[in-house]
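Summary of structural features
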Amino acid sequence: MPTERLVLLSSREIAKMREAGRLAAELLLHLEPMIKPGVSTLQINDAAERWTLAHGAKSAPLGYKGFPKSLCASVNQVVCHGIPNAKQILRQGDIINIDVTPLVDGYHGDTSKTFFVGKPSAVAQRLVEVTEECLRRGIAEVKPGSRTGDIGAAIQEYAEAQGFSVVRNFAGHGVHRVFHTEPEILHYGKRGTGKKLRQGMVFTIEPMINEGTYEVEILADGWTAVTQDGKLSAQFEHTLAVTDSGVEILTLP
């Protein structure tokens, strides 16, 4: 749960966020060719760290509350916060979420995408497609005067209508100079509830959608969240700014 107060960003600050967001999107594009069988999640992490430093930025996850790597790599049943390591080798049919947050001139660009490793199973493909559509539907709710609950309701309604579930344990969050702050953006809920959206708010929407139960467990490393039933999970994330008339996606290349 974010504890920092809600901050409305100026146009200058949003321009800084746009710069950080664009770099985050370009980092995912740089990593995408590596997503194939035989590659370790540590190799992906190390490539991201090199690229980030070469572009004059820092990897915000590295050392954040003790997190040991530069990005999160969450494979198959891992919901989020998977720690890259040399022993985890991608295999044909896996799905993997790569979550990156370069820090550019003090501002965080936070985005993630779930990739297919080779040819996915039918259920994996449908889960990933539904999750991406959940993000789109959540973004479509963003405009001044809407409520955070409208975002969660749109995501939950669609995911559950497709036979999937929405993770409750993790949420979208405000982001700017602070990595995680207000407002909290739940990916489930009721329309007309929650904080009212205002121009200058910047936050992530990052639905985690599960094949089976929405319940998760945290592994002994204190970070890795996995589905309780061992079934697949997918996630997509963008950082967004509430504009005077609607929404701008800041994490586009």
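Conventions adopted
Residues numbered from 1 in each chain as written. Predicted model: local features only at pLDDT ≥ 70, side-chain atom pairs only at ≥ 80, totals over all residues. Heavy atoms only, no water. Salt bridge = Lys/Arg side-chain N within 4 Å of Asp/Glu carboxyl O. Helix = DSSP H or I, 4+ residues; strand = E, 2+ residues; numbered from the N terminus. Expected span 1.5 Å × (residues − 1). Buried < 20%, exposed > 50% of the residue type's maximum accessible area, 1.4 Å probe, protein only. Pairing = 2+ DSSP bridges. Contact = heavy atoms within 4.5 Å. Axes fitted to C-alpha atoms, helices over the stretch in contact; angles between N-to-C directions. Parallel < 35°, antiparallel > 145°, perpendicular 65-115°, else oblique. Left-handed = near helix turned anticlockwise from the far one by under 90°. Nonpolar A, V, L, I, M, F, W, Y, C, P; charged D, E, K, R; others polar. Phe/Tyr/Trp six-rings, centres within 6.5 Å; stacked < 30°, edge-to-face > 60°. Lys NZ or Arg CZ within 6 Å of the ring centre and 35° of its normal. Polar contact = N/O pair within 3.5 Å; in protein donor to acceptor, adjacent residues only side chain to side chain.

Quick look at the pattern of salt bridges
As enumerated under the stated definition, the model contains eight salt bridges in all. The partner of Arg 137 in a salt bridge is Glu 133, with the nearest N and O atoms 2.9 Å apart. Highlighted residues: Arg 137 and Glu 133, both in helix α3 (residues 122-140), separated by four residues, approximately one helical turn. Residues joined by salt bridges that share partners form a network here, namely Glu 133, Arg 136 and Arg 137.

Structural notes on helix α1 (residues 11-31)
Between its first and last C-alpha atoms α1 spans 30 Å; for 21 residues at 1.5 Å apiece the expected length is 30 Å, and the two agree. Taken as a whole, α1 has its buried residues at Ile 14, Met 17, Ala 20, Gly 21, Leu 23, Ala 24, Ala 25, Leu 27, Leu 28 and Leu 31.

Digging into the pairing of strand β11 (residues 202-205)
By the alternation rule, side chains of β11 split into Val 202 and Thr 204 and Phe 203 and Ile 205, which are all buried. The sheet contact formed by β11 and strand β16 (residues 238-242) spans four bridges and is antiparallel. Note on β16: the bridge partner recorded for Phe 203 is Leu 240.

Side note on the sheet that holds strand β8 (residues 165-166)
The strand order across the open sheet built from three strands is β8-β12-β15, with neighbouring strands paired in antiparallel fashion. The two strands at the open ends of the sheet, each matched to only one other strand, are β8 and β15 (233-235). Sheet topology places β8 next to strand β12 (residues 208-210); two bridges connect them, and they run antiparallel. Its bridge partner being in β12, Ser 165 is matched across the sheet by Asn 210. Packing of α3 onto the sheet brings it into contact with β12 and β15, and relative to β15 it is tilted by some 35 degrees.

A look at the packing of α1 against helix α2 (residues 41-54)
At their nearest, the axes of α1 and α2 sit 10 Å apart, and the two run at 135 degrees to each other. Our classification of the angle between α1 and α2 gives oblique. For the element pair α1 and α2, the recorded crossing hand is right-handed. Taking contact as the criterion, the partners of Leu 23, Glu 26, Leu 27, His 30 and Leu 31 in α1 are, on α2, Ile 44, Ala 47, Ala 48, Trp 51 and Thr 52. Partitioned by chemical class, the residues of the contact of α1 with α2 number seven nonpolar, two polar and one charged.

Notes on the packing of aromatic side chains
With the rule as written, the count across this model stands at two aromatic pairs. One Lys or Arg, Arg 168, reaches over the ring of Tyr 188 and ends 4.7 Å from the middle of that ring. For the cation-ring pair, Arg 168 lies above Tyr 214, with the distance from its terminal atom to the ring centre recorded as 4.1 Å.

Brief notes about the side chain of Ser 233
Tracing the backbone shows Ser 233 in strand β15. At 2.7 Å, the side chain of Ser 233 and the side chain of Asn 210 are in polar contact. When sequence neighbours within four positions are dropped, the list of residues in contact with Ser 233 reads Asn 76, Gln 77, Val 78, Val 79, Ile 95, Leu 127, Ile 209, Asn 210 and Thr 227.

A few points about the packing of α3 against helix α4 (residues 148-161)
Orientation of α3 relative to α4, taken along the N-to-C sense of each, is 150 degrees, at an axis distance of 8 Å. When the axis of α3 is compared with that of α4, the two are roughly antiparallel. Crossing hand, α3 versus α4: right-handed. Touching Val 130, Glu 133, Cys 134, Arg 137 and Gly 138 of α3 are Ile 151, Ala 154, Ile 155, Tyr 158 and Ala 159, all from α4. Considering only residue class, the contact of α3 with α4 consists of seven nonpolar, one polar and two charged.

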